[in-house]
Amino acid sequence: MLPLEGITVVALEQAVAAPFATRQLADLGARVIKVERVDGGDFARAYDADVRGGLGTHFAWLNRSKESVALDLKRDEGRAILAELVAGADVFLQNLAPGAAARLGFGADGLRARDPRLIVVDMSGYGTRGPYRDKRAYDMLVQAEAGLISVTGTPETPVKAGSPLADIAAGMYAFSGTLAALVRRGTTGEGAAIEVTMFDAVAEWMSQAMYTTLYTGSVPPRTRLSHPVISPYDAYPTADGVDVVIGVQNDRGWAAMADGVLDRPDLVTDPEYATNQARVRNREKVDAIVAGVTSSMDREELMRRLDEAGVANASLNDGHGLIAHPQLAERDRWREVGSPVGPIRAIRPPITFADVEARMDPVPALGEHTEAVLRELGRDDAAIARLSGSGTVRLHAEPPPAP
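Residues numbered from 1 in each chain as written. Predicted model: local features only at pLDDT ≥ 70, side-chain atom pairs only at ≥ 80, totals over all residues. Heavy atoms only, no water.

## Regarding the sheet that holds strand 1 (residues 8-12)
Stated precisely, the cut-off is as follows: Strands pair, by our definition, only if DSSP identifies at least two bridges between them. Only DSSP runs of H or I covering at least 4 residues are called helices, and only runs of E covering at least 2 are called strands; the numbering of each starts at the N terminus. Contacts were defined at the residue level, with two residues in contact if any of their heavy atoms lie within 4.5 Å. Between the N-to-C directions of two axes lies an angle of 0 to 180 degrees, each axis being a line fitted to C-alpha atoms and, for a helix, fitted only over the stretch in contact.
Taken in spatial order, the 7 strands of this open sheet run 6-5-4-1-2-3-12, and their pairing is mixed. Looking at which strands have only one partner, the edges of the open sheet turn out to be strand 6 (192-197) and strand 12 (393-394). Sheet topology places strand 4 (residues 91-94) next to strand 5 (residues 119-124); 4 bridges connect them, and they run parallel. Residue L93 lies in a different strand from strand 5, and its bridge partner there is V121. Helix-sheet contacts for helix 7 (residues 165-188) involve strand 4, strand 5 and strand 6, and the interaxial angle to strand 6 is about 165°.

## Looking at helix 12 (residues 283-294)
Threshold: One fewer than the residue count of a helix, multiplied by 1.5 Å, yields its expected span. Note on exposure labels: buried denotes an accessible area under 20% of the residue type's maximum, exposed denotes more than 50%, and partly exposed covers the range between, all computed with a 1.4 Å probe on protein chains only. Note that the arc is defined by the directions from the helix axis to the C-beta atoms.
With 12 residues, helix 12 should cover 16 Å at 1.5 Å per step; its first-to-last C-alpha distance of 16 Å lies within 8% of that length. Every buried residue belonging to helix 12 is among R283, V286, D287, I289, V290, V293 and T294, and all of these are buried. The arc that holds the buried residues of helix 12, viewed along the axis, is 160°, so those residues lie on one side. In helix 12, the exposed positions angled more than 90 degrees off the buried face are occupied by E284 and A288. Contact partners of the buried residues in helix 12: strand 7 (233-236), strand 8 (244-247), helix 10 (251-260), helix 11 (276-281) and helix 13 (299-309).

## Section: the environment of L55
Position of L55 relative to the elements: it lies in the loop between strand 2 (31-36) and helix 2 (57-62). With 284 residues separating them along the chain, L55 and S339 place their C-alpha atoms 8.5 Å apart. Residues in contact with L55, not counting those within four places in the same chain, are R45, D48, A49, D50, A60, S339, P340, V341 and V363.

## Quick word on the nonpolar core
Basically, it comes down to this: In this description, a nonpolar core means a group of buried Ala, Val, Leu, Ile, Met, Phe, Trp, Tyr and Cys residues linked to one another through side-chain atoms lying within 4.5 Å.
Membership of the largest hydrophobic core comes to 37 residues, with the highest contact counts inside it found for V121 and M123. If you list the elements that add at least two residues to this core, you get strand 1, helix 1 (17-27), strand 4, strand 5, helix 7, strand 6 and helix 8 (198-205). Ranked by the residues each element gives to this core, the list is headed by helix 7, at 7 residues. Contacts of V121, omitting those with residues within four sequence positions, involve V91, F92, L93, Q94, A174, T178 and I194.

## Overview of the environment of P343
Position of P343 relative to the elements: it lies in the loop between strand 10 (334-337) and strand 11 (344-347). Classification of P343 by relative accessible area gives partly exposed; the value is 42%.

## What about the packing of helix 7 against helix 8?
Defined as follows: Put simply, angles under 35 degrees are roughly parallel, angles over 145 are roughly antiparallel, angles from 65 to 115 are roughly perpendicular, and the rest are oblique. Any residue that is not Ala, Val, Leu, Ile, Met, Phe, Trp, Tyr, Cys, Pro, Asp, Glu, Lys or Arg is counted as polar, Gly included; the first ten are nonpolar and the last four charged.
For the pair helix 7 and helix 8, interaxial distance at closest approach is 8 Å and the crossing angle is 95°. Taken together, helix 7 and helix 8 sit at an angle that is classed as roughly perpendicular. In this structure, helix 7 contributes L165, A166, D167, A169, A170 and Y173 to the contact, and helix 8 contributes M198, A201, V202, E204 and W205. For the contact of helix 7 with helix 8, the residue count by class is 9 nonpolar, no polar and 2 charged.

## Considerations on helix 13
Buried within helix 13 we find L302, M303, R305 and L306. Seen along its axis, helix 13 keeps its buried residues to an arc of 160°; they face one direction. In helix 13, the exposed residues that point more than 90 degrees away from the buried face are E300, D307 and E308. One or two positions beyond helix 13, positive phi appears at G310, with a value near 80°.

## Topic: the pattern of salt bridges
Opposite charge on two side chains makes pairing possible when the charged atoms of those side chains draw close. Basically, it comes down to this: The rule for a salt bridge is simple: a side-chain nitrogen of Lys or Arg has to be within 4 Å of a carboxyl oxygen of Asp or Glu.
All told, the structure shown has 27 salt bridges when counted by the stated rule. Residues R386 and E77 are paired through a salt bridge, measuring 2.8 Å at the closest nitrogen-oxygen approach. Within this pair, whereas R386 is found in helix 17 (residues 381-390), its partner E77 is found in helix 3 (residues 76-87), the two being separated by 309 residues in sequence. The class of R386 is partly exposed, set by a relative accessible area of 44%. In this structure, E371 engages R375 in a salt bridge whose closest nitrogen and oxygen atoms are separated by 2.9 Å. Linking E371 with R375, this pair stays in helix 16 (residues 370-376), spanning 4 residues, or about one helical turn. Here E371 falls in the partly exposed class, since its relative accessible area comes to 34%. By relative accessible area, R375 is classed as partly exposed at 37%.

## Comments concerning the packing of helix 1 against helix 7
Let me state the cut-off plainly: Take the far helix as your reference; a near helix turned counterclockwise from it by less than a right angle gives a left-handed crossing, and one turned clockwise gives a right-handed crossing.
Where helix 1 contacts helix 7, the axes come no closer than 7 Å and their chain directions differ by 40°. Here helix 1 lies oblique to helix 7, going by the angle between them. Taken as a pair, helix 1 and helix 7 cross one another with a handedness that is right-handed. In this structure, helix 1 uses A17, F20, A21, Q24 and L25 to contact helix 7, whose residues at the interface are D167, I168, A170, G171, M172, A174, F175, T178 and L179. The residue makeup of the contact of helix 1 with helix 7, split by class, is 10 nonpolar, 3 polar and 1 charged.

This is the structure in structure tokens:
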């Protein structure tokens with residue numbers, strides 16, 4: 001039995017942050033009913049069409065194992081259907097603009113007054129108070145506001161992280177906060193109102209850099225791949241043109257590298273290199289010494305010697321390298337899931353239980369489960385036909401609405 005079997009989550013969600021949180025709940029067995037707009041659904045469906053020529057990559061990643069119900073929440077009947085769904089749920093999670101859910105009648109206070117056991121999770125960019133309350137908050141913008149971009153890139157050029165880390169961070173905290181609330185409810189019987197913001201999530205992740213600024217008055221420099229307070233810690237060239245990433249975390253690791261890889265035992269006691277702080281001060285000299293040796297070996301030989309010496313290292317992989325990675329193959333991490341465009345490959349969730357495999361059901365088409373869910377709520381054929389005809393709901397078989 002998966003740990004969240006029997007838990008129902010109603011998600012009024014779009015984009016990345018909230019869908020990432022609820023997909024992880026679905027991975028662990030929760031029933032996740034994803035409420036989408038009738039006119040196109042979650043706009044992440046169409047960020048691109050790179051998955052088999054017809055499905056967005058973000059949507060494929062974030063929405064497997066969910067049930068898609070398409071409702072027009074501008075209509076009274078659409079809101080009434082959502083209210084029925086929430087009345088039967090354990091968790092209601094939403095990431096509309098601040099205040100929008102409350103204006104629709106789904107604010108945390110009102111929902112929990114009707115059902116004190118309900119867990120309500122409100123996600124947003126900056127929260128429900130403060131001068132940035134109504135400011136648009138996309139992943140790149142929050143990375144910028146929270147300072148993450150300032151410590152990423154080259155000394156000349158700041159860059160955003162390649163993955164949507166602000167969305168992912170918020171999604172992780174919404175996921176863990178929901179789990180904590182479920183545990184507490186099991187003890188006290190009380191639900192919870194939880195707020196998670198993208199800005200707070202990235203600010204937490206920036207704490208180490210923030211402490212540097214708080215207590216030195218300086219901001220950490222952008223150091224490309226290297227680390228501002230550790231050396232050597234970078235990508236180094238090889239004879240066959242493929243860089244290898246090397247990370248020496250402490251002076252014992254430096255001694256192992258100097259003896260076992262560089263063949264320079266004198267560097268262990270040389271005051272310019274003996275301690276990490278000294279190596280950071282002399283980073284350019286350290287990097288030149290290391291690169292001078294690594295560039296004389298091919299990648300395979302270099303990584304073998306690093307491994308034998310116990311020095312941390314890694315291949316500098318791209319997407320092709322990740323897909324072909326032997327760890328994924330050897331540990332049986334690949335699965336196939338259904339989708340509106342046919343079977344697609346997917347990696348198993350990182351949380352691996354020894355006694356049960358995570359749920360990996362299909363990625364839903366827009367409105368694929370509308371009819372089945374309406375029948376659960378007691379609607380008959382005539383009622384469903386009327387709701388569909390009025391545009392209050394969208395059924396899976398219906399063509400897209402005219403622009």
